[in-house]
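A structural walkthrough
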Amino acid sequence: MIFQNTKDFARQLDAQDSLRKYKEEFIFPTVNGKNVIYFTGNSLGLQPKRTKSYVDEIMNDWAELGVEGHFYAQKPWWDYQERFAEPLSKIVGCLPSEVTVMNTLTVNLHLLMVSFYCPTPSRFKIICEEKAFPSDQYMLQSQVRFHGYKAEDAIVEIKRRDGEHNIRTEDVIAKINEVGDALALVLIGGVNYYTGQVFDMKLITAAGHQVGAKVGWDLAHAAGNVKLELHNWNVDFAAWCSYKYMNSGPGNVSGCFVHEKHHANKELPRFAGWWGHNKERRFKMESEFDPIQGVDGWQISNLPVLSLAPYLASVEMFDEIGMEQLVHKRNNITAYLEFILKEIDKEVDSSFEIITPANPEERACQLSVFLHGEGRSLFEYLIKNGVIVDWREPNVIRLAPVPLYCSYEDMYQFGQILKKGILE
Ligand SMILES: *Cc1c(COP(=O)(O)O)cnc(C)c1O
């Protein structure tokens with residue numbers, strides 16, 4: 001499609017957008033009395049209007065029923081988490097028995113590493129990406145130390161080539177083959193939080209398995225953003241937070257995937273708790289742990305239902321729409337944003353550079369823009385003028401044109417504000 005940098009053209013795209021009505025379903029912060037243009041859904045998604053009623057329902061049931069709510073609430077609490085299996089399985093591409101919600105993201109990755117990082121003196125290395133999200137780095141370092149290894153011996157980072165912003169798939173595969181028999185685990189962020197690069201999860205998973213390693217993915221920036229096929233890709237495990245693209249509220253619970261092939265394996269080490277115990281017998285208070293066959297066998301505690309409620313509201317919204325429609329608009333609006341950025345860059349005589357891959361297969365809903373010159377003050381100008389973006393050192397602004405609640409006209413307006421900000 002030939003894009004145009006005009007308000008009329010942007011409005012025309014909005015008129016053809018099948019997701020257009022969903023913008024009305026979200027609550028926007030305001031600046032100077034106007035709704036903001038919100039580009040930080042990759043950090044904390046906006047609140048859907050329908051969410052409050054899901055939370056109120058729990059509060060009301062608790063008020064009226066007390067402990068009886070576990071079994072007699074409108075949506076009983078004791079197995080509330082099971083409502084996620086069907087819709088989430090479609091969002092991340094797996095069987096319902098392979099997906100659940102529990103804990104928070106880094107906690108889940110730790111727990112999954114208990115099962116899937118079982119190092120031996122000859123096979124103890126972990127491959128991750130260079131400059132992984134800090135929490136992932138701390139997690140990997142503490143895990144290898146817990147097993148008695150040194151981080152510098154056990155953790156192998158895949159580097160970017162000199163002068164390049166992104167990691168080449170061929171370099172990931174080469175590193176996996178190089179580490180070979182010593183490789184215990186590959187654990188990478190499916191979408192890089194800084195650059196927005198989407199990794200070839202299918203290919204990398206297969207390469208890891210080829211050398212006998214386990215392969216897990218941190219899907220914080222992928223869930224609800226990228227079309228995933230965790231089951232078919234044969235991924236061993238994965239986890240993601242629900243508060244970024246999935247709009248479930250600050251710090252909220254994590255989704256978690258364990259491949260079916262591991263479900264019957266009772267020999268896998270795991271940290272157990274009563275919510276992972278045989279469901280029919282859970283309240284018999286038996287002393288021997290009998291894990292549920294399925295990812296729910298990794299559950300530990302009874303669930304924070306008040307936190308699950310906003311996530312359920314969100315998952316049902318995603319289920320209504322389906323990932324195909326979402327990905328379709330995502331591709332188009334990201335391409336339009338890219339076009340707008342390039343047009344403005346021409347008008348102001350080259351003051352920034354997009355570091356996210358240009359190839360649509362290698363990116364999703366994020367463009368990271370490296371600013372030459374006065375980055376920080378431009379960032380502050382944008383915020384003051386109702387464009388919510390985020391700032392990453394040394395000089396990067398991340399923009400996520402979330403398809404659920406960003407419009408094409410927002411992209412046009414953003415371009416105008418950006419231009420003013422640069423020229424002022
Ligand atoms: C957002 C994010 C996290 C955050 O982890 P929490 O445990 O939810 O605080 C971890 N890893 C990556 C890659 C992220 O993008």
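**Considerations on a nonpolar patch on the surface**
Nonpolar side chains collect at one region of the surface, where F71, Y72, W274, F283 and M285 lie side by side and expose about 590 Å² of accessible area between them. Its place among the elements puts M285 in the loop between β12 (254-258) and α10 (305-321). By relative accessible area, which is 60% here, M285 ends up exposed.

**Examining the packing of helix α11 (residues 323-347) against helix α13 (residues 408-423)**
At a closest axis distance of 10 Å, the pairing of α11 and α13 adopts a crossing angle of 20°. In terms of axis orientation, α11 runs roughly parallel to α13. Relative to α13, the crossing made by α11 is right-handed. Facing α11, whose interface residues are K329, N332, I333, Y336, L337, I340, L341, I344 and E347, α13 presents Y408, M411, Y412, F414, G415, L418 and K419. Residues belonging to the contact of α11 with α13 are distributed by class as follows: 11 nonpolar, two polar and three charged.

**Observations concerning the sheet that holds strand β13 (residues 352-354)**
Strand order across the open sheet formed by four strands is β13-β14-β17-β16, with antiparallel pairing between neighbours. A single partner strand is all that each edge strand has here, and the edge strands are β13 and β16 (390-392). Geometrically, the sheet is characterised by an average inter-axis angle of 30° between neighbouring strands, direction not taken into account. Bridging between β16 and strand β17 (residues 396-399) involves three bridges; their strand directions are antiparallel. Bridge assignment links D390 to a residue of β17, and that residue is R398. Along the sheet face, helix α12 (residues 375-384) touches β14 (367-371), β16 and β17 and points at about 165° away from the line of β16.

**Notes on the site of the ligand**
Neighbouring residues of the ligand: L105, T106, F133, D136, D218, A220, H221, Y243 and K244. The contact in question runs from an oxygen atom of the ligand to an N or O atom on the side chain of H221, over 3.2 Å. K244 is positioned such that a nitrogen or oxygen atom in its side chain is 2.6 Å from an oxygen atom of the ligand. Relative to its unbound accessible surface of 390 Å², the ligand loses 83% to contact with the protein. The residue inventory of the shell around the ligand, partitioned by class, reads four nonpolar, two polar and three charged.

**Here we look at α11**
Note on helix geometry: an α-helix contains 3.6 residues per turn, so any two residues three or four positions apart are oriented the same way. Compared with the 36 Å implied by 1.5 Å per residue over 25 residues, the 36 Å span of α11 between its first and last C-alpha is a close match. Of the residues flanking the end of α11, it is D349, one or two places downstream, whose phi is positive at about 70°.

**Some words on the pattern of salt bridges**
When the charged atoms of two side chains with opposite charge come close together, those side chains can pair. One pass over the structure, following the stated rule, counts 28 salt bridges. The residue E130 makes a salt bridge to R160 at a minimum N-O spacing of 3.2 Å. Remark: R160 occurs in the loop between β8 (155-158) and α8 (169-179) and E130 occurs in the loop between β7 (125-129) and α6 (134-146); sequence separation between them is 30 residues. The pair formed by E130 and R160 is uniform in burial state, with each residue classed as buried. Here E157 makes a salt bridge to K159, at a shortest N to O gap of 3.4 Å.

**Details of the pairing of strand β10 (residues 214-218)**
Along a regular strand, successive side chains alternate from one face of the sheet to the other. With four of five residues buried, β10 lies mostly within the body of the structure. In this region the chain leaves strand β9 (residues 183-189), passes through helix α9 (residues 201-210) and returns to the parallel neighbour β10; the handedness of that crossover is right-handed. Here three bridges tie β10 to strand β11 (residues 237-241), and the two strands are oriented parallel to one another. Residue G216 lies in a different strand from β11, and its bridge partner there is F237.

**Let's talk about the side chain of K75**
As for its placement among the helices and strands, K75 is situated in the loop between α3 (69-72) and α4 (85-92). On the basis of relative accessibility, which here comes to 16%, the residue K75 falls in the buried class. Within polar-contact distance, the side chain of K75 engages the side chain of E57 at 2.9 Å. Among all residues touching K75, those that are not within four sequence positions of it are Y54, E57, D61, Y80, R83 and L312.

**Things to note about the domain arrangement of the protein**
When its domains are assigned, the protein resolves into domain 1 (7-48 + 322-423) and domain 2 (54-321). Between the C-alpha centres of domain 1 and domain 2 there is a distance of 29 Å. Counting residues at the interface gives 38 residues for domain 1, matched by 27 residues for domain 2. Buried surface at the junction of domain 1 and domain 2, summed over both partners, amounts to about 2700 Å²; 58% is from carbon and sulfur atoms. The three residues of domain 1 that bury the most area against domain 2 are G322, M323 and I355, which together make up 21% of that side's buried surface. Close ionic contact of K227 with E324 constitutes a salt bridge, the shortest N to O distance being 3.8 Å. Contributing elements (two or more residues each) for the side of domain 1 that touches domain 2: α11 and β17. At six residues, the largest contribution of residues to the side of domain 1 that touches domain 2 is made by α11. Here the side of domain 1 that touches domain 2 is composed, by residue class, of 19 nonpolar, nine polar and 10 charged.

**Section: the packing of helix α2 (residues 51-65) against α10**
Interhelical geometry of α2 versus α10 gives an angle of 145° and a closest axis separation of 8 Å. Relative to α10, the crossing made by α2 is right-handed. For the pair α2 and α10, the contacting residues are T51, Y54, V55, I58 and M59 in the first and V305, L306, A309, P310, L312, A313 and E316 in the second. Taken together, the residues of the contact of α2 with α10 sort by class into 10 nonpolar, one polar and one charged.

Calculation rules
- Residues numbered from 1 in each chain as written.
- Predicted model: local features only at pLDDT ≥ 70, side-chain atom pairs only at ≥ 80, totals over all residues.
- Heavy atoms only, no water.
- Patch = residues over 30% accessible without salt bridge, like charges linked within 9 Å, V, L, I, M, F, W, Y side chains within 5 Å.
- Areas by Shrake-Rupley, 256 points an atom, 1.4 Å probe, with all protein chains shown as cover.
- Salt bridge = Lys/Arg side-chain N within 4 Å of Asp/Glu carboxyl O.
- Helix = DSSP H or I, 4+ residues; strand = E, 2+ residues; numbered from the N terminus.
- Buried < 20%, exposed > 50% of the residue type's maximum accessible area, 1.4 Å probe, protein only.
- Axes fitted to C-alpha atoms, helices over the stretch in contact; angles between N-to-C directions.
- Parallel < 35°, antiparallel > 145°, perpendicular 65-115°, else oblique.
- Left-handed = near helix turned anticlockwise from the far one by under 90°.
- Contact = heavy atoms within 4.5 Å.
- Nonpolar A, V, L, I, M, F, W, Y, C, P; charged D, E, K, R; others polar.
- Pairing = 2+ DSSP bridges.
- Near = heavy atom within 4 Å.
- Polar contact = N/O pair within 3.5 Å; in protein donor to acceptor, adjacent residues only side chain to side chain.
- Expected span 1.5 Å × (residues − 1).
- Right-handed = clockwise from strand over helix to strand, strands pointing away.
- Domains from an automatic or database assignment.
- Buried area = accessible area lost by both parts, 1.4 Å probe.

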